[in-house]
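Take a look at the letters that make up each chain.
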Amino acid sequence: MTADIAALERENLYLKTRNAQLQADVADLTAELDRLRQERERLHGRQTGARPPNPLGSGQ
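We now turn to the structure provided with this report.

Criteria and thresholds
- Residues numbered from 1 in each chain as written.
- Predicted model: local features only at pLDDT ≥ 70, side-chain atom pairs only at ≥ 80, totals over all residues.
- Heavy atoms only, no water.
- Salt bridge = Lys/Arg side-chain N within 4 Å of Asp/Glu carboxyl O.
- Helix = DSSP H or I, 4+ residues; strand = E, 2+ residues; numbered from the N terminus.
- Buried < 20%, exposed > 50% of the residue type's maximum accessible area, 1.4 Å probe, protein only.

Note that side chains of opposite charge can pair when their charged atoms are close. The full count for this structure, using the stated rule, is 3 salt bridges. For the salt bridge of Asp-34 with Arg-37, the shortest nitrogen-to-oxygen distance reads 3.3 Å. A residue pair is termed a helical-turn pair when its members lie 3 or 4 positions apart in one helix, as Asp-34 and Arg-37 do in helix 1 (residues 2–44) at 3 residues. Classification of Asp-34 as partly exposed rests on a relative accessible area of 33%. Since its relative accessible area comes to 36%, Arg-37 is described here as partly exposed. A salt bridge links Arg-35 to Glu-39; its shortest N-O distance comes to 3.1 Å. Placement of the pair is Arg-35 and Glu-39 together in helix 1, with a separation of 4 residues, close to one helical turn. For Arg-35, a relative accessible area of 41% gives the class partly exposed. Given the relative accessible area of 31%, Glu-39 is considered partly exposed.

Here is the structure:
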């Protein structure tokens, strides 16, 4: 019985650590996405007007 409890405690600790790592990864990816979005807007300018329809697009 104590072996089961010890195994569950180890698994719980692992899962908490893994969860924290994944949350940090999500935060890092979100920051990188924001940085790239800002860089794209800076390089290409923000397109605020309506764009003409693309004749090759599927939305005709």
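Resuming the write-up.
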